[in-house]
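Residues per chain, in single letters:
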Amino acid sequence: MTEFEIEEEKREILRQYRKLLRHAKPFLKDDDAKIIKKAFKMSQEAHKNMRRRSGEPYIFHPLAVAQICVEEIGLGTTSIISALLHDVVEDTEMEIEDIERHFGKKVARIIDGLTKISGVFDYGTSQQAENFRKMLLTLSDDVRVILVKLADRLHNMRTLDSMPRHKQLRVSSETIYLYAPLAHRLGLYSIKSELEDLFLKYSEPVKYAEIVDKINASKAPRDRFVRNFINPIQKELSKRDLKFTIKGRPKSIYSIWNKMTSQEIGFEKVYDLFAIRIILDLPPEMEKAGCWQVYSVVTDYYQPNPDRLRDWISTPKSNGYESLHTTVMSKTGTWVEVQIRTKRMDEIAEKGYAAHWKYKESDQSSTESGLEIWISKVREILERENASAIEFVDDFKHSLFNEEIFVFTPKGELKKLPGGASALDFAFEIHSEIGARCIGAKVNQKLVPINHKLKTGDQVEILTSNKQKPNEGWLSFVITSKGRTRIKDELKEQKKSAASEGREIVKRKLKQAKLELNSENLDKLLNRFNLKSALDFYYLVGKGKIDPKDIKKIKSNSEKPRKSIQQTYSDIESFQRTIKEVTGEKRDQLLIGEDMDIVQYSLAPCCNPIPGDDVFGFVSTHEGIKIHRINCPNATELLSKHGHRVVKAKWTSQSEVSFLAGLKIRGTDRVGMMNDVTKIISSELKVNMRSIAIESENGIFDGSIQLYVQNTKHLEMLTKKLENIEGVEEVARFDIH
Ligand code: MN
């Protein structure tokens, strides 16, 4: 490098620095400029011997990141200092303590956060997920960490050219996976679309270049079109003395590419290549009326598509986005999207979080914004530490969904949920305990099951029961992080408690065989049942999936192959033999409840018998004895064709156990009918419902309920009570399949 080149470099660094100060100037207070200078000098000194891969001095990078923070995100002094110093702890000799000494706790914490989330990891690895989780943890600390990180990532993406190909792919895939959705969620639209475009540039270079070329080639006719389109609107708005600007905004390259690939169409077929944006300059109190006035003008000239009206002014998106969108038919027969908003809304849309704050400070009356609610929600999820990092990221990605629906509580309070959310999601949204106890919901006065998908405008009332408990199946239709985390926590708890019961059983069984529960015996048991963890083993015992009787068998040592029950019983004789061997008595009847330890049996899922039912046992080839009801639809065949495999069976005392039964209710519908039904079931009789589905048509009410009862007496009592409800005509048991 020549002396001249070095001098030129120094001058360029100073130019960049001055540009930064110029942009920051309007909001600098007291000593701010001095402190920024100090940070700049310190960063320059720390990085003085480092160059970026492109060959330029390293200091250009922190300067550029700081510039993005100011110019494109609208951040202030603390962020500028943090951006200038964001890589010094990671890459140089400087320590976090040095930062704190010079710039105070706030800056030190931000840089500490940034240092912890540095590095790039491959998508889908737990390391990357952990990294991401850490990053989100900083949200609860200071959201500026994420904003500076986004600025850092944006600059790295802008300068990705000098990186080797494999690094380009890694960095850009991480960008599209995490950073672009995060930018979107924080309302940073311009950064989000630039990140997406850059992702495409490196992941699909040929397609990217193709689209860029075509956009450029179609520019002249497009500009002409926009001019013709806005001409009458412009005139009319000027007449009304409104201050405004109109832009024809091209869609991002990435969104065009997305449309082309998802709809398998060519560039020419993407009709909405651009949107018209009308930005008004109005004081806050006139914003809404002003925007609708413009809407009225636009639709005087062009016919709107009624399905495409979006009013995010009355109900802003939860990332703070406000705007009025309509799609209208142009004179040449193409649909054109028109976005109407004020300067304030536009700045929030482009710059997101920071701009939002700027306006909020001047407006004390504004309520908690959607974004803040979101951040506090993220915080809530993060505070539960037991979810694995990958699980967490997957759940979290759900909450980054673009689409949102707006639904209402019975009192008319608005709740925002991701598109595809179920009634149960709504219940969790209200309160995690309400979610955990939810048995159904009324949507627009109509009873629906908990997995019912909600739509915008639905009014939802949640029905709960104290006996309800979350189960695994819920995870297939709960999509909000809050709900999923709560369900998973609960399942873990349930597993733990089943396992601790199982452990007691194991201990008892070993004691009967004069063995101790020590690690040696535990190993033998795990071996025998081919399991890896003690928790799994205890859990299976606790759940009754492992026959406790088999536990003792480790005494008679493991050389003997395990005789499984399924092999033991092929007919009724072998059953009687075993009963005699174990109990010493001669009987041909299975005592349900008492013989649990002796033979393997289960209740047949085709008729779900409950205590009190007339039943028989059927020796199945693989799953031990199945208990069927005498009036089971399969009974005739089993009894007639396979008589030799039928075992008499009788219920013995069963306490504290619940059995699944189904009830059908028919009657004439009336207001409050459903309430009366659920009240009797869950409050009065304290019965736990598994599911409830009701249809009401032409005044006829037709419902089926699955619930847990103790025995037939219990079920009869319930049936009587339900029959007594006004309007109910028939209550009958049905088989659950
Ligand atoms: Mn950096």
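This text gives an overview of the structure that appears in the document. (Residues numbered from 1 in each chain as written. Predicted model: local features only at pLDDT ≥ 70, side-chain atom pairs only at ≥ 80, totals over all residues. Heavy atoms only, no water.)

1. A short note on the overall build of the protein
Working step 1: When its secondary structure is counted, the protein shows 29 helices and 19 strands.
Working step 2: Counting across all 737 residues of the protein, residues that qualify as buried make up 49%.
Working step 3: Long-range pairs, those at least 24 residues apart, make up 66% of the contacts in the protein between residues at least 6 apart in sequence. (Helix = DSSP H or I, 4+ residues; strand = E, 2+ residues; numbered from the N terminus. Buried < 20%, exposed > 50% of the residue type's maximum accessible area, 1.4 Å probe, protein only. Contact = heavy atoms within 4.5 Å.)

2. Quick notes on the coordination of the manganese ion
Working step 1: Donor atoms from the polypeptide that coordinate the manganese ion comprise His61 (NE2), His86 (NE2), Asp87 (OD) and Asp152 (OD), at 2.2 to 2.4 Å from the metal.
Working step 2: In primary sequence terms, the donor set of the manganese ion follows H-x24-H-D-x64-D. Here the residue Asp87 occupies a position in the loop between helix 4 (77-84) and helix 5 (88-91), and Asp152 occupies one in helix 8 (residues 144-158), the gap between them amounting to 65 residues. There is no split in this pair, since Asp87 and Asp152 are both buried. (Donors = N, O, S within 2.8 Å, 3.2 Å for Na, K, Ca; no water.)

3. With respect to the environment of Ala349
Working step 1: Structurally, Ala349 can be placed in helix 15 (residues 343-351).
Working step 2: Residue classification places Ala349 among the buried positions, given a relative accessible area of 2%.
Working step 3: Other than its neighbours up to four places away in sequence, Ala349 contacts Gly187, Tyr189, Tyr321 and Arg341.

4. Quick look at the layout of surface pockets
Working step 1: By volume, the second largest pocket is sized at about 1800 Å³.
Working step 2: Looking at the lining of the second largest pocket, the element that brings in the most residues is helix 10 (residues 189-203), giving eight residues.
Working step 3: Of the residues belonging to the lining of the second largest pocket, the class tally is 18 nonpolar, 12 polar and 18 charged. (1 Å grid on protein atoms, 1.4 Å probe; cavity = no way out; pocket = protein on both sides within 12 Å on 5 of 7 lines; lining within 4 Å. Points joined across faces, edges and corners; volume = space filled by probe spheres on them. Nonpolar A, V, L, I, M, F, W, Y, C, P; charged D, E, K, R; others polar.)

5. With respect to the sheet that holds strand 8 (residues 438-443)
Working step 1: Ordered in space as 9-8-10, the three strands form an open sheet in which the pairing is antiparallel. For this open sheet the edge positions go to strand 9 (446-448) and strand 10 (460-464), each flanked by a neighbour on one side alone. Direction aside, the axes of adjacent strands within the sheet are offset by 30° on average.
Working step 2: Two strands pair when backbone bridges link them, and strand 8 and strand 9 are joined in this way by three bridges, in the antiparallel orientation. In the sheet register, Ala441 faces strand 9, and the bridge partner there is Val448.
Working step 3: Running at roughly 85° to strand 10, helix 19 (residues 423-430) makes contact with strand 8 and strand 10 of the sheet. (Pairing = 2+ DSSP bridges. Axes fitted to C-alpha atoms, helices over the stretch in contact; angles between N-to-C directions.)

6. Here's the deal with the packing of helix 2 (residues 32-46) against helix 4
Working step 1: Viewed as axis vectors pointing N to C, helix 2 and helix 4 meet at an angle of 10°, and their least axial separation amounts to 9 Å. As far as their axial angle goes, helix 4 and helix 2 are roughly parallel. Taking contact as the criterion, the partners of Asp32, Ile35, Ile36, Ala39, Phe40 and Ser43 in helix 2 are, on helix 4, Thr77, Ile80, Ile81 and Leu84.
Working step 2: Its residues assigned to classes, the contact of helix 2 with helix 4 shows seven nonpolar, two polar and one charged. (Parallel < 35°, antiparallel > 145°, perpendicular 65-115°, else oblique.)

7. Quick notes on the packing of aromatic side chains
Working step 1: Counted under the stated rule, the structure contains 11 aromatic pairs.
Working step 2: Relative to Phe40, the ring of Tyr17 lies with its centre 4.2 Å away and its plane at 10°, an arrangement referred to as stacked. Here Tyr17 is found in helix 1 (residues 3-24), whereas its partner Phe40 is found in helix 2, with 23 residues between them in sequence.
Working step 3: By relative accessible area, Tyr17 is classed as buried at 7%.
Working step 4: Phe40 gets classed as buried once you look at its relative accessible area, which sits at 1%.
Working step 5: Measuring from centroid to centroid gives 6.2 Å for Phe199 and Tyr254, while their planes differ by 75°, and the two rings are edge-to-face. Of this pair, Phe199 sits in helix 10 while Tyr254 is found in helix 13 (residues 253-262), placing the two residues 55 residues apart along the sequence.
Working step 6: Note on Tyr254: relative accessible area 14%, which makes it buried.
Working step 7: Among the aromatic residues, those joined into a ring-pair cluster are Phe225, Phe229, Phe274 and Tyr302.
Working step 8: One residue, Lys317, lies across the ring of Tyr321, its end atom 5.1 Å from the ring centre.
Working step 9: The lysine or arginine in question, Lys664, covers the ring of Phe734, its NZ or CZ lying 4.6 Å from the ring centre. (Phe/Tyr/Trp six-rings, centres within 6.5 Å; stacked < 30°, edge-to-face > 60°. Lys NZ or Arg CZ within 6 Å of the ring centre and 35° of its normal.)

8. What about the pairing of strand 2 (residues 274-280)?
Working step 1: Burial analysis of strand 2 places seven of its seven residues in the buried class, which makes it a mostly covered element.
Working step 2: Here strand 2 shows no split at all, with Phe274, Ile276, Ile278 and Leu280 on one side and Ala275, Arg277 and Ile279 on the other all buried.
Working step 3: For strand 1 (residues 244-250) and strand 2, the ladder comprises seven bridges, and the chain directions are antiparallel. Bridge assignment links Arg249 to a residue of strand 2, and that residue is Ala275.
Working step 4: Relative to strand 5 (residues 335-342), strand 2 is paired through six bridges, and the arrangement is parallel. Bridged to Arg277 within strand 5 is Gln339.

9. Quick look at the sheet that holds strand 1
Remark on secondary structure: sheet strands pair via backbone hydrogen bonds, oriented parallel or antiparallel.
Working step 1: Spatially, 1-2-5-4-3 is the arrangement adopted by the five strands of the open sheet, whose pairing is mixed. At either end of the open sheet lies a strand with only one pairing partner, and these are strand 1 and strand 3 (310-311).
Working step 2: Contacts from helix 12 (residues 219-239) reach strand 1, strand 2, strand 4 (324-329) and strand 5 within the one sheet, and its direction differs from that of strand 2 by about 25°.
Working step 3: Sheet strands touched by helix 15: strand 1, strand 2 and strand 5. Its angle to strand 5, the strand with the most contacts, is close to 105°.

10. What to know about unusual backbone geometry
Working step 1: Positive phi values are uncommon outside glycine, yet Asp30 reaches one of about 30°.
Working step 2: Along the chain, Asp30 falls in the loop between helix 1 and helix 2.
Working step 3: Residue Gln445 is not a glycine yet carries a positive backbone phi of 75°.
Working step 4: Its location among the elements puts Gln445 in the loop between strand 8 and strand 9.
Working step 5: When its relative accessible area of 66% is taken as the criterion, Gln445 is described as exposed.

11. So, the packing of helix 10 against helix 13
Angle between the axes and distance between the axes are the two parameters that describe a pair of packed helices.
Working step 1: Direction vectors running N to C along helix 10 and helix 13 enclose 60°, while the axes themselves pass 7 Å from each other. Counted together, Glu196, Asp197, Phe199 and Leu200 of helix 10 and Ile253, Tyr254 and Trp257 of helix 13 form the full contact between these two elements.
Working step 2: Tallied by class, residues from the contact of helix 10 with helix 13 come to five nonpolar, no polar and two charged.

12. A short note on the pattern of salt bridges
Pairs can form between side chains of opposite charge once their charged atoms are near each other.
Working step 1: This model, assessed by the stated rule, comprises 33 salt bridges.
Working step 2: With its nearest N and O atoms 3.5 Å apart, the salt bridge here joins Asp702 to Arg666. You can see Asp702 sitting in strand 18 (residues 700-709) and its partner Arg666 sitting in strand 16 (residues 659-668), a full 36 residues away along the chain.
Working step 3: Asp702 sits in the partly exposed class, given a relative accessible area of 32%.
Working step 4: Through salt bridges with shared partners, one network takes in Glu8, Arg11, Glu12 and Arg15. (Salt bridge = Lys/Arg side-chain N within 4 Å of Asp/Glu carboxyl O.)

13. Description of helix 13
One turn of the α-helix equals 3.6 residues, which is why residues spaced by three or four share an orientation.
Working step 1: Burial in helix 13 covers these residues: Ile253, Tyr254, Ile256, Trp257 and Met260. Axial view of helix 13: buried residues confined to an arc of 160°, hence all on one face.
Working step 2: Elements in contact with the buried residues of helix 13: helix 9 (165-185), helix 10 and helix 11 (205-217).
Working step 3: Just past helix 13, the residue Glu264 takes up positive phi, approximately 50°. (Arc of directions from axis to C-beta.)

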